[in-house]
Amino acid sequence: MNPWKKWFGSKEPLENTVPELDTDNIPNHVAVIMDGNGRWAQKRGLPRVAGHHSGMKNVKKITMAANEIGVKVLTLYAFSTENWKRPREEVDYLMKLPLEFFPKEIDELIQNNVQIRMTGWEEGLPEYTLKAVRDAIELTRNNTGLILNFALNYGSRKEMLLGMKKMMEDIGQGRLSMNDVDDQAFSRYLLTSDLPDPDLMIRTSGELRISNFMLWQLAYSELWFTDAFWPEFTENHFFEAIKEYQRRARRYGGL
Ligand code: FPP
């Protein structure tokens, strides 16, 4: 029995409905590597893309759960710069998911005050994918609730290298002093410059890797892994991850 079943859609205060969560210690930013779509499908004798479709459907459920408990930013790794190496049909399918997802879900996302963002490079994405994402960003621009941030065509090493080049250019041109280069200064050259670093990173499907995802930003994040494939990842898993996060003492290198 799902212990949080009564929580879903309830108007009860959170502490009554999700009793084991400390409402004063909700991570501001949760980042998720949504892995295992292909294996989820294969296990069922379905084509890999069926897993991606099912994974897409899971996005709204977890977004609503994150919004409900007061997470400020939810970043979902939807497509990496390395994913272009996949078969053409699979890439095409993934690129079409925003065309289905946003028109279907945008009204409910707006009703829930969710703001859509994207972290990644527009260059290389098909025009139709970009239009779907840009429209969603535009329609939710003034929303003040959860930021649902899609890492799309994103890779961390590229992000850092491009950021570094831009920073060196600014130093060369005298716009930035070498003496002022520190963590914060460099962070401003990353695509995530206006977002807090993730407090918690979740990866599904039993893989224990970071896979070129927010390498700089995850420096002090708590990591949580589950064997569940992304399409079968439920609110229950999500709350379990938050509970575990709340049990950990974050020391940032101190005592
Ligand atoms: C990794 O699983 C998953 C992806 C590369 C795609 C994730 C995308 C979604 C869940 C949909 C996102 C939704 C929108 C609206 C953009 P995998 O295929 O690598 O799984 P495997 O390791 O089992 O093969």
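As shown above, the structure is provided for reference.
Figured I'd write up the structure that's included with this text.

Cut-offs and rules
- Residues numbered from 1 in each chain as written.
- Predicted model: local features only at pLDDT ≥ 70, side-chain atom pairs only at ≥ 80, totals over all residues.
- Heavy atoms only, no water.
- Core = buried A, V, L, I, M, F, W, Y, C linked by side-chain atoms within 4.5 Å.
- Buried < 20%, exposed > 50% of the residue type's maximum accessible area, 1.4 Å probe, protein only.
- Helix = DSSP H or I, 4+ residues; strand = E, 2+ residues; numbered from the N terminus.
- Near = heavy atom within 4 Å.
- Polar contact = N/O pair within 3.5 Å; in protein donor to acceptor, adjacent residues only side chain to side chain.
- Areas by Shrake-Rupley, 256 points an atom, 1.4 Å probe, with all protein chains shown as cover.
- Axes fitted to C-alpha atoms, helices over the stretch in contact; angles between N-to-C directions.
- Parallel < 35°, antiparallel > 145°, perpendicular 65-115°, else oblique.
- Left-handed = near helix turned anticlockwise from the far one by under 90°.
- Contact = heavy atoms within 4.5 Å.
- Nonpolar A, V, L, I, M, F, W, Y, C, P; charged D, E, K, R; others polar.
- Pairing = 2+ DSSP bridges.

Focus on the nonpolar core
Ranked by internal contacts, the top residues of the largest apolar core, which has 47 residues, are Val30, Leu74, Ile202 and Phe238. At eight residues, helix H4 (residues 88-111) tops the list of elements feeding residues into this core.

Description of the site of the ligand
Neighbouring residues of the ligand: 18 residues in total, closest Met34, Arg39, Arg48, His52 and Arg86. Asn37 places a main-chain nitrogen or oxygen 3.2 Å from an oxygen atom of the ligand. Here an oxygen atom of the ligand and a backbone polar atom of Arg39 are 2.7 Å apart. Isolated, the ligand exposes 630 Å² of accessible area, and the fraction of that covered by the protein chains is 92%.

Comments concerning unusual backbone geometry
The backbone phi angle of Asn212 is positive, close to 60°, even though this residue is not glycine. In this fold, Asn212 is placed in the loop between strand E5 (200-203) and strand E6 (222-225). Assessed through its relative accessible area of 15%, Asn212 is described here as buried. Positive phi, normally seen in glycine, also occurs at Met214, with a value near 45°.

Some words on the packing of helix H3 (residues 48-69) against helix H8 (residues 235-247)
Taken N-terminus to C-terminus, the directions of H3 and H8 make an angle of 40°; their axes are 9 Å apart at the nearest point. Here H3 is positioned oblique relative to H8, judged by the angle of their axes. Here H3 runs over H8; the crossing is right-handed. For the pair H3 and H8, contact is made by Lys61, Ile62, Ala65, Ala66 and Ile69 and by Glu235, Phe238, Phe239 and Ile242, respectively. Broken down by class, the residue content of the contact of H3 with H8 amounts to seven nonpolar, no polar and two charged.

Focus on the sheet that holds strand E3 (residues 115-119)
With parallel pairing, the six strands of this open sheet are ordered in space as E3-E4-E2-E1-E5-E6. The sheet is open, and its two edges are formed by E3 and E6, each paired on a single side. The sheet shows a mean angle of 20° between the axes of neighbouring strands, direction not considered. By the bridge criterion, five bridges tie strand E1 (residues 29-33) to strand E2 (residues 73-80) in an arrangement that is parallel.

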